[in-house]
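Chain residues, written in single-letter form:
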Amino acid sequence: MTVYEFAVYEMLPAAVLGFAAGMVYRIARYLSVYKRTVRPRRRARSIGHSLVHLVKTFAYPIYFSIKEERIMFASGLLGLHILGVIPLLFLFSHHVTWWAYYFPPYAALKRLAIPPSATSAALTVTAPVTPVSGMSGIFVNTIWGPLTVVLNGDVLAIIAIVATVFKVVEKIPKKVVGKVSYVRIGDFVALLLLLFILVTGFMATQHLPSGEIGVYKTVLGLHILGAEVLLILLPFTKFFHFVFGYWYGKLHEWYDLVWTRGV
Amino acid sequence: MEAVVPAVKKALKRVDPVQLHFLENCVACAACESVCPYTPISKLYSPVNKAEELRFMYRKVMTVSGRLLGPLVHAKIPKTEEELEWIREVAYRCTNCWHCYTVCPFGINSGSMISVLRTFVDSIGMTPTILKAFEQFEASGRFMENEGLARVWQQILDKASEAVGGDLPLDKKGAQVLYMPWLAEAMFVPDSVVNTIRILSKIGVDWTMPSKPLAIRPAVGSVTGNLEQKKTVLSAIDSYLKEFGAKTVLLSDGGFPYTDLRFELPGVVGRVPEYRVLHLAEFLVELLRQGKVKFKSGSDKVTWHDPCKLARASGVIPEPRILLREATTEFRELPHHGAESYCCGGGSGMGCMTRELHEAMGQLTGMKFELSERESNFIAKAEEAYLKSIERKMRDVKQSEAEIVVTACPVCVETIQRGASLYGPEVEVLHLATYLVERIEPA
Ligand code: SF4
Ligand code: SF4
C-alpha cells in the first residue's frame, strides 16, 4: 500500500472518528465541571446595543493588534489566518474539489475557488516546468479577477509558510532569553505539523521534487496524512481554538460583559 | 510544604466551564501582553505568563497527560520555597483590571485566573500580612472596636453633619436611598463620603446611611482569593440590606465593592436581591433624566478616568460622561477610555503594597505588622512595581491636557495622585462627588 492509498482510504475514516471522539471528550470535560449558580440581574441595554457590541467583542482584539501590535497582527492574524490558512483551507481550488467530493453542496463555492497560481489554473508561475496552458500572463477565470495576483495558491502558501516559520522562530528567544513559561512544547509541535502540511501541499502543487507520478503521489499522500494527524490532534492542541475556543470564548465574553453587565 | 497539594486542590475547585476555557484554550499568542499595567516592568508579569502558573497546577491535577507526563507537558506542582515565592510574586502583579480579557482573541480572562492563583496563595498562608489583617478584621465584623478606626468613622460623621448643617439621617428605616460608604473610603478618600452626603442633602433626596460601616471594603476576600471570607462578608451585608428593606443601595466606591454587590453577590448568597445597587454616577444620571437636578456649567479642563471595575467590568461608561459634560464645557477623553481604558495600576490590593501604607495603618490601628525578611523584600519589590505601573496612565493624562482628573474609586484617586507627583503632569485628582458637589443643584 502506498502512502497515498493509506492516507486516502485507510486513515481518513480513522481521522474523522478520532476527531469526533476528541471533540466529545473535550465537550464532556466542560460539562463535568458545570456548577449551578444564581445569575445577577442584567443591566438593561437595548438589543441594538447588545448586537453592536457583539461585533465589537470580536473586532476589538483585531483593532487593538492593528493599533498597538503591528508585527503580531501581520504575522499572526494577517499572514497565518486571513491570508494564509483560512483561504487556503476552504477556498484553494484543489481543496474545494476535495470538500465537494465528500460534501457535494460545497461545490457551490467553486466560483470562489482560488487557483494554484496567478497565470494558470493547472500549473504555477514558480513551477519547474513551463506553463503550457497558453494562459501565461492572463488571469485565470475565477471571480477574483485581478486579485488573483495575490489570491492564488503560490502566494498564499508562501505567506502562510513564512508566517508559520516566523511564529516558530519568534518563540525561541522568548523561551531561551526571556525565560517566559507560556511558550509550550506543544505549540512548537502544532506549528511544525502545520508547517509540514503547508510545505508538502506546496510541493505537491508544484510537482516537487519531481513531476514523476510516484513521487507526486507520495508527497500528496504525506500532505493528506499530515492533515489527518492534525485533525486527530485538533481537539487536544491549540488548533482547538478554530472549532471551539474562539467562538465559545468570545461569545462567553459577550454574554458576561455586554449582555449581563451592559458594557 | 504539606499544605501545597491541598491548597492546589482547593484553588482548582473554582474551575467551572468558563475557567476551564481560560485554562485550556490559550494559544500563547501574547496579545494580552501589552495591555497589562505590569508588563512594562517585566515581560514575566504579562497576563499569560502569570496565568501559566495556574495552568501548571491544573495540568498536573486535572489532566491525564499532565499526570502521566508531568514537566514534558508543562504540568507541575510547586515544590520549593522559591517556587512558592514566585507564585506569590506573580499573583500580586495584577489589578484584576480585565483588560487582558477583552483584548484576548479568545476571551481568556487571565485576571480571573490570577484570582484563582491568589486562592492558592491564601491557602498556603502567603497572603500579604496587611491584606490578611484587613480580611480578618472585616470578616469578624468587629473592626469598629478598634479605637483608631472608630475615630476615623466618627470624624467623617462629624465632618459631614457640619457640612450639611445638621444631624445626619442615620439608620432611617423606609428611606428611599440607602447610602453605603465603606471604612476604607473614610480612611483614604474622606472627601468622597462627605461630598456624597452633601450632594444627597442638597438635592433633597430621602436618604439614609448606616451609623457604622458594614465592611472595610467588601469583600477583601475578593482581592485575596479567600472565598469563605467573601461569602461571610457579602452574606452579612445582604442580610442587613434585606432586613433594612433597602430599595436603592447607593455606592460612592466604584471599585470592586461595586462589582461584588452588583454582580457577584447573587452567586455568592444564592439569590437575586430585591434591592438595586447603583453607583453615584448612575443615580445622578437617573435624577437628571427625571428633571430633578441640574448643573452649573463651568469651563474646567476635566477628564474622566474609568475605574476598571466600574467601566470594563460593569458598563458604567456613559453616565460619568453625561454628568461631567453637564458640569463643564471643557470635558475631554483620555486617549484610552471607556472599556479600553488603561488601568492605573493600583487595584486588587496593589495600592496596599507600600511601606508607607503599612506604617500609616500601623499608626492608625495600633497594630504592628510584623513582616518576615522574605515578606519585607516582597513588599519592597511589589511597591517598586506598583509605582512604575502608574507611569503609563500618567502619559495618557498628560496627552489629554486636562487640569482635573475625576474618577470614582478610592484606589484610583490615590494612585493617580501618586502618579501625578511622581511623573507629572500637575493635575488635581478628585472623586466624582467632590467635583460635582458645588456644581449640582436641585432643579
Ligand atoms: S491573548 Fe489570550 S490566547 Fe493570547 S496569550 Fe493572552 S490569554 Fe493566551
Ligand atoms: S487583569 Fe489587568 S493587571 Fe491582571 S493580568 Fe490582566 S491586564 Fe494585567
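Okay, so let's go over this structure. (Residues numbered from 1 in each chain as written. Chains lettered and ligands numbered in written order. Predicted model: local features only at pLDDT ≥ 70, side-chain atom pairs only at ≥ 80, totals over all residues. Heavy atoms only, no water.)

**Thoughts on the overall build of chain B**
Put simply, the rule is: Segments assigned H or I by DSSP are reported as helices when at least four residues long, segments assigned E as strands when at least two residues long, and all are numbered from the N terminus. We compute the radius of gyration from the C-alpha atoms alone; for a globule the expected value is 2.2 Å times N to the 0.38, where N is the number of residues. In this scheme, a residue with accessible area under 20% of its type's maximum is buried, one over 50% is exposed, and one in between is partly exposed, where area comes from a 1.4 Å probe on protein chains only. Throughout, a contact is declared for two residues whenever any of their heavy atoms are within 4.5 Å. In these tables, accessible area is a Shrake-Rupley quantity obtained with a 1.4 Å probe, and a residue counts as shielded only by the protein chains included in the view. For the purpose of counting charges, residues Lys and Arg are taken to be positive, whereas Asp and Glu are taken to be negative. His and the chain ends are not included. Taken as the charge location is NZ of Lys, CZ of Arg, CG of Asp or CD of Glu.
Along its length, chain B carries 21 helices and ten strands. Over its C-alpha trace chain B gives a radius of gyration of 22 Å, about what one expects of a compact globule, namely 22 Å for 443 residues. Considered along the principal axes of its C-alpha atoms, chain B spans approximately 70 × 45 × 40 Å. Per-residue burial over chain B gives 64% buried out of 443 residues. Considering only contacts within chain B whose residues lie at least 6 apart along the sequence, 81% involve residues at least 24 apart. Carbon together with sulfur atoms contributes 52% to the accessible area of chain B, which is approximately 15800 Å² in total. The centroid of the 53 positive side-chain charges in chain B is displaced by 4 Å from the centroid of its 55 negative side-chain charges.

**Looking at the sheet that holds strand E7 (residues 331–332) of chain B**
Put simply, the rule reads: DSSP-based pairing: two strands are paired if at least 2 bridges between them are found.
Reading across the sheet, the four strands line up as E7-E6-E8-E9 (chain B) and stay open at both edges, with parallel pairing between neighbours. Looking along the sheet, the strands with just one partner apiece sit at the ends: E7 and strand E9 (428–431) of chain B.

**Thoughts on the site of ligand 2**
Residue and element names in this part refer to chain B. We count it as follows: For this purpose, a residue is taken to be near a molecule or strand whenever a single non-hydrogen atom of the residue falls within 4 Å of it. Residue polarity follows a fixed list, in which Ala, Val, Leu, Ile, Met, Phe, Trp, Tyr, Cys and Pro are nonpolar, Asp, Glu, Lys and Arg are charged, and the others, Gly among them, are polar.
If you check the shell around ligand 2, you find Cys36, Pro37, Pro47, Lys50, Cys94, Thr95, Asn96, Cys97, Trp98, Cys100, Gly111 and Ile114 and nothing else. Only helix H3 (47–62) and helix H7 (110–123) provide two or more residues apiece to the shell around ligand 2. Of the residues assigned to the shell around ligand 2, the class counts are eight nonpolar, three polar and one charged.

**As for the packing of aromatic side chains**
Note the threshold: Think of it this way: a Phe, Tyr or Trp ring, Trp meaning its six-membered ring, pairs with another when their centres are within 6.5 Å, and the plane angle makes it stacked under 30 degrees, edge-to-face over 60, tilted otherwise. In this analysis the charged atom, NZ for Lys or CZ for Arg, is taken to sit over a ring once it is within 6 Å of the ring centre and within 35 degrees of the ring normal.
The tally for this structure, following the rule as stated, stands at 21 aromatic pairs over all chains. Each ring, one from Tyr30(A) and one from Tyr248(A), has its centre 5.5 Å from the other, and the planes form 70°; the classification is edge-to-face. Placement of Tyr30(A) in helix H1 (residues 3–32) and of Tyr248(A) in helix H8 (residues 240–260) is noted, with a sequence separation of 218 residues between them. With 5.6 Å between their ring centres and 85° between their planes, Trp98(B) and Tyr101(B) make a pair best called edge-to-face. Here Trp98(B) and Tyr101(B) have matching classes, each one buried. Feature note: the residues Tyr30(A), Phe240(A), Phe244(A) and Tyr248(A) constitute an aromatic cluster, connected by ring pairs. Above the plane of the ring of Trp259(A) lies Arg42(A), whose end atom (NZ or CZ) is 3.6 Å from the centre. Just above the ring of Tyr435(B) sits the side chain of Arg439(B); from NZ or CZ to the centre is 3.9 Å.

**A short note on the site of ligand 1**
Close to ligand 1 lie Cys26(B), Val27(B), Ala28(B), Cys29(B), Ala30(B), Ala31(B), Cys32(B), Val48(B), Cys104(B), Pro105(B), Phe106(B) and Ile108(B). Considered class by class, the residues forming the shell around ligand 1 number twelve nonpolar, no polar and no charged.

**Quick word on a nonpolar patch on the surface**
To be explicit about the condition: Candidates for patches are residues over 30% relative accessible area with no salt bridge; among them, like charges are joined within 9 Å and nonpolar side chains (Val, Leu, Ile, Met, Phe, Trp, Tyr) within 5 Å. Put simply, a salt bridge is a Lys or Arg side-chain nitrogen that is within 4 Å of an Asp or Glu carboxyl oxygen.
On the surface, Tyr25(A), Ile185(A), Val189(A), Phe236(A), Val64(B), Leu68(B), Leu69(B) and Leu72(B) cluster together into a nonpolar patch covering about 800 Å² of accessible area. Mapped by element, the contributors of at least two residues to the nonpolar patch are helix H6 (185–206) of chain A together with helix H4 (64–69) of chain B. Considering every element that reaches the nonpolar patch, the biggest residue donor is H4(B), with three residues. By secondary structure assignment, the location of Phe236(A) is in the loop between helix H7 (213–233) and H8.

**Remarks on the nonpolar core**
Selection criterion: Side-chain atoms within 4.5 Å are what join buried Ala, Val, Leu, Ile, Met, Phe, Trp, Tyr and Cys residues into a set we call a nonpolar core.
Counting 167 residues, the largest nonpolar core has Phe120(B), Phe283(B), Leu284(B), Leu324(B), Met353(B), Tyr435(B) and Leu436(B) as the members making the most contacts within it. Considering every element that reaches this core, the biggest residue donor is helix H15 (residues 280–289) of chain B, with seven residues. The residues touching Tyr435(B), leaving out its near neighbours within four places in the chain, are Asp300(B), Val302(B), Leu324(B), Ala327(B), Thr328(B), Ile404(B), Val406(B) and Leu430(B). One finds Ile114(A), Leu151(A), Ala157(A) and Ala190(A) within the second-largest nonpolar core, a separate group that totals 21 residues.

**What to know about the sheet that holds strand E4 (residues 276–279) of chain B**
All names here are of chain B. To keep things clear, this is the line we draw: An axis is simply a line fitted to the C-alpha atoms; with a helix, the fit covers only the stretch in contact. Between two such axes, the angle follows the N-to-C directions and lies from 0 to 180 degrees.
The strand order across the open sheet formed by four strands is E2-E1-E3-E4, and the pairing between neighbours is parallel. Every other strand in the sheet has two partners, leaving strand E2 (207–208) and E4 as the edge strands with one partner each. Bridge analysis of strand E1 (residues 177–179) against strand E3 (residues 248–251) gives three bridges, and the strand direction is parallel. Each residue of the ladder has a partner; that of Leu178, found in E3, is Val249. The sheet contacts of helix H14 (residues 256–269) involve E3 and E4, and relative to E4 the element is tilted by about 155°.

**Quick look at the pairing of E3(B)**
The side chains of a regular strand alternate between the sheet's two faces. All names here are of chain B. To keep it simple, the criterion reads: A crossover gets the label right-handed when its path from the first strand over the helix to the second runs clockwise, viewed with the strands pointing away from the viewer.
Of the two faces of E3, the one holding Thr248 and Leu250 and the one holding Val249 and Leu251 are both buried throughout. Where E3 meets E4, four bridges bridge the pair, whose relative direction is parallel. In the strand pairing of E4, Val249 is matched with Val277. Between E3 and its parallel partner E4, the chain crosses via H14, and the hand of that crossover is right-handed.

**Here we look at the interface of chain A and chain B**
The condition that has to hold: Put simply, buried area is how much 1.4 Å-probe accessible surface two parts lose in total, over both of them, once they are put together.
At the interface, 51 residues of chain A touch 71 residues of chain B. For the pairing of chain A and chain B, the buried interface totals around 4700 Å² over both sides, and the portion due to carbon and sulfur atoms is 54%. In terms of surface lost to chain B, no three residues of chain A exceed Tyr182(A), Arg184(A) and Arg261(A), which account for 15% of the buried area on that side. Linking chain A with chain B are five salt bridges, by the criterion used here. In this structure, the salt-bridge partner of Arg184(A) is Glu52(B), at a minimum N-O distance of 2.7 Å. Contributing elements (two or more residues each) for the side of chain A that touches chain B: H1, helix H2 (47–68), helix H5 (153–176), H6 and H8 of chain A. It is H8(A) that provides the largest number of residues to the side of chain A that touches chain B, a total of 13 residues. Among the residues forming the side of chain A that touches chain B, the class breakdown is 21 nonpolar, nine polar and 21 charged.

**Section: H7(A)**
Residues and elements named next belong to chain A. Convention followed: In this scheme, a helix's expected span is set at 1.5 Å multiplied by one less than its residue total. Think of a polar contact as two N or O atoms within 3.5 Å of one another; within protein, one of them needs to be a possible hydrogen donor and the other a possible acceptor, and neighboring residues in sequence only count if both atoms come from side chains.
For H7, spanning 21 residues, the distance from its first C-alpha to its last is 30 Å, which sits close to the expected 30 Å at 1.5 Å a residue. Those residues of H7 not exposed but buried are Val219, Leu220, Gly221, His223, Ile224, Leu225, Gly226, Glu228 and Leu230. Buried-residue contacts for H7 involve H1, helix H4 (93–102) and H6. The distance from a side-chain oxygen at the start of H7 to the backbone nitrogen of Gly214 is 3.1 Å, and the residue carrying that oxygen is Glu212.

**Looking at the pattern of salt bridges**
Enumeration according to the criterion identifies 37 salt bridges over all chains in this entry. The partner of Arg374(B) in a salt bridge is Glu85(B), with the nearest N and O atoms 3.6 Å apart. Here Arg374(B), found in helix H18 (residues 373–389), pairs with Glu85(B), found in helix H5 (residues 81–91); they are 289 residues apart in sequence, far enough to count as distant. The partner of Glu135(B) in a salt bridge is Lys132(B), with the nearest N and O atoms 2.7 Å apart. Taken together, the residues span about one helical turn, with Glu135(B) and Lys132(B) both in helix H8 (residues 129–140) at a distance of three residues. With relative accessibility at 2%, the residue Glu135(B) sits in the buried group. Salt bridges sharing partners connect three or more residues here, namely Arg184(A), Glu52(B), Arg55(B) and Arg59(B).

**Concerning the environment of Leu192(A)**
Residues and elements named next belong to chain A. Here Leu192 shows up in helix H6. The exposure class assigned to Leu192 is partly exposed, which follows from its relative accessible area of 44%. Considering only alpha carbons, one finds Leu192 and Trp99, 93 residues apart in sequence, at a separation of 24 Å.

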